[in-house]
Amino acid sequence: MIFEMGAKLGGDSFDTKKEDKKKKPSNKIEPKNSHQLVFTYEKRKGKPVTLVGRFYVSEDEKKEVLKLLKKKLACGGAIKEEWIELQGDVKQKIIEILSKDGWKFKNK
(Lines give C-alpha, C1' and ligand atoms only; values in the text may rest on other atoms or scores of the structure.)
Protein backbone atom coordinates (compact mmCIF):
# COMPACT_ATOMS: atom_id res chain seq x y z
CA MET A 1 0.00 0.00 0.00
CA ILE A 2 1.09 3.55 -0.67
CA PHE A 3 -0.68 5.05 2.34
CA GLU A 4 -2.83 3.83 5.15
CA MET A 5 -5.89 5.56 6.62
CA GLY A 6 -7.45 5.17 10.03
CA ALA A 7 -6.24 4.49 13.51
CA LYS A 8 -4.06 1.55 14.33
CA LEU A 9 -6.04 -0.54 16.76
CA GLY A 10 -3.50 -3.25 17.41
CA GLY A 11 -3.13 -4.59 20.90
CA ASP A 12 -5.43 -6.03 23.53
CA SER A 13 -6.00 -3.21 26.01
CA PHE A 14 -7.09 0.36 25.60
CA ASP A 15 -6.59 3.02 28.21
CA THR A 16 -9.87 4.90 28.52
CA LYS A 17 -8.96 6.75 31.70
CA LYS A 18 -9.24 10.54 31.59
CA GLU A 19 -6.06 12.31 32.48
CA ASP A 20 -6.36 15.13 34.92
CA LYS A 21 -4.92 18.05 32.95
CA LYS A 22 -5.27 20.54 35.77
CA LYS A 23 -2.59 20.45 38.40
CA LYS A 24 -4.23 19.97 41.75
CA PRO A 25 -3.39 22.72 44.21
CA SER A 26 -1.21 21.72 47.10
CA ASN A 27 -2.91 22.11 50.43
CA LYS A 28 0.21 22.81 52.44
CA ILE A 29 -0.11 25.81 54.73
CA GLU A 30 2.90 28.08 55.08
CA PRO A 31 3.51 31.13 57.29
CA LYS A 32 3.17 34.45 55.49
CA ASN A 33 6.83 35.41 55.81
CA SER A 34 7.89 32.32 53.82
CA HIS A 35 5.62 33.11 50.85
CA GLN A 36 7.03 34.55 47.65
CA LEU A 37 4.01 36.27 46.12
CA VAL A 38 3.97 37.07 42.42
CA PHE A 39 1.80 39.37 40.32
CA THR A 40 0.01 38.82 37.04
CA TYR A 41 -1.68 41.58 35.07
CA GLU A 42 -4.50 40.79 32.64
CA LYS A 43 -7.11 42.65 30.68
CA ARG A 44 -10.55 41.08 30.72
CA LYS A 45 -13.12 42.62 28.41
CA GLY A 46 -10.89 45.70 28.20
CA LYS A 47 -10.66 46.20 31.96
CA PRO A 48 -7.48 45.69 34.00
CA VAL A 49 -7.26 42.88 36.57
CA THR A 50 -4.35 42.29 38.95
CA LEU A 51 -3.72 38.79 40.27
CA VAL A 52 -1.66 38.29 43.42
CA GLY A 53 -0.75 34.83 44.08
CA ARG A 54 0.01 31.53 45.37
CA PHE A 55 -1.31 32.05 48.86
CA TYR A 56 -0.72 28.76 50.68
CA VAL A 57 -2.74 29.67 53.75
CA SER A 58 -6.10 28.67 55.18
CA GLU A 59 -9.30 29.84 53.52
CA ASP A 60 -10.09 32.12 56.45
CA GLU A 61 -6.74 33.88 56.20
CA LYS A 62 -7.16 34.34 52.42
CA LYS A 63 -10.55 35.92 53.06
CA GLU A 64 -9.02 38.27 55.63
CA VAL A 65 -6.29 39.36 53.18
CA LEU A 66 -8.88 39.92 50.45
CA LYS A 67 -11.07 41.91 52.82
CA LEU A 68 -8.09 44.07 53.85
CA LEU A 69 -7.08 44.76 50.24
CA LYS A 70 -10.60 45.53 49.08
CA LYS A 71 -11.09 47.93 51.96
CA LYS A 72 -7.74 49.74 51.54
CA LEU A 73 -7.91 49.92 47.72
CA ALA A 74 -11.66 50.57 47.41
CA CYS A 75 -12.02 48.03 44.62
CA GLY A 76 -13.69 44.68 43.97
CA GLY A 77 -11.97 41.35 44.24
CA ALA A 78 -12.33 37.60 44.47
CA ILE A 79 -10.45 34.46 45.50
CA LYS A 80 -9.72 31.84 42.81
CA GLU A 81 -7.84 28.80 44.17
CA GLU A 82 -4.52 30.19 45.53
CA TRP A 83 -4.87 33.56 43.73
CA ILE A 84 -6.53 36.81 44.75
CA GLU A 85 -7.98 38.82 41.86
CA LEU A 86 -8.43 42.56 42.24
CA GLN A 87 -10.00 45.05 39.85
CA GLY A 88 -7.61 47.60 38.38
CA ASP A 89 -3.86 47.99 37.99
CA VAL A 90 -2.99 48.21 41.69
CA LYS A 91 0.32 46.34 41.95
CA GLN A 92 2.32 49.05 43.75
CA LYS A 93 -0.44 49.72 46.27
CA ILE A 94 -0.75 45.99 47.02
CA ILE A 95 3.00 45.76 47.64
CA GLU A 96 2.84 48.67 50.10
CA ILE A 97 -0.16 47.26 52.00
CA LEU A 98 0.97 43.64 52.21
CA SER A 99 4.63 44.39 52.99
CA LYS A 100 3.49 46.34 56.06
CA ASP A 101 1.50 43.24 57.03
CA GLY A 102 4.58 40.96 56.77
CA TRP A 103 4.21 39.37 53.30
CA LYS A 104 7.17 38.93 50.95
CA PHE A 105 7.31 39.24 47.15
CA LYS A 106 9.43 37.98 44.29
CA ASN A 107 11.33 40.74 42.45
CA LYS A 108 9.85 43.86 43.95
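A brief structural summary.

Parameters at a glance
- Residues numbered from 1 in each chain as written.
- Predicted model: local features only at pLDDT ≥ 70, side-chain atom pairs only at ≥ 80, totals over all residues.
- Heavy atoms only, no water.
- Buried < 20%, exposed > 50% of the residue type's maximum accessible area, 1.4 Å probe, protein only.
- Helix = DSSP H or I, 4+ residues; strand = E, 2+ residues; numbered from the N terminus.
- Contact = heavy atoms within 4.5 Å.
- Salt bridge = Lys/Arg side-chain N within 4 Å of Asp/Glu carboxyl O.

### Describing helix α2 (residues 91-100)
Part 1 of the argument: For α2, every residue scored as buried is listed here: Ile94, Ile95, Ile97 and Leu98.
Part 2 of the argument: Contact partners of the buried residues in α2: β1 (38-44), β2 (47-53), α1 (59-73) and β4 (83-87).
Part 3 of the argument: Following α2 by one or two positions, Gly102 has its phi on the positive side, about 100°.

### Quick look at the pattern of salt bridges
Part 1 of the argument: Summed over the entire model, instances satisfying the criterion amount to four salt bridges.
Part 2 of the argument: Taking the shortest distance from any N to any O, the salt bridge between Glu82 and Arg54 comes out at 2.4 Å. A residue pair is termed long-range when its members are at least 10 positions apart, and Glu82 in the loop between β3 (77-80) and β4 and Arg54 in the loop between β2 and α1 qualify at 28 residues.
Part 3 of the argument: Relative accessible area serves as the criterion here: at 35%, Arg54 is assigned to the partly exposed category.
Part 4 of the argument: With its nearest N and O atoms 3.1 Å apart, the salt bridge here joins Lys62 to Glu59. With Lys62 and Glu59 both in helix α1 and three residues apart, this pair spans about one turn of that helix.
Part 5 of the argument: Assessed through its relative accessible area of 45%, Glu59 is described here as partly exposed.
Part 6 of the argument: In the salt-bridge network here, residues are joined through shared partners; they are Glu42, Arg44 and Glu85.

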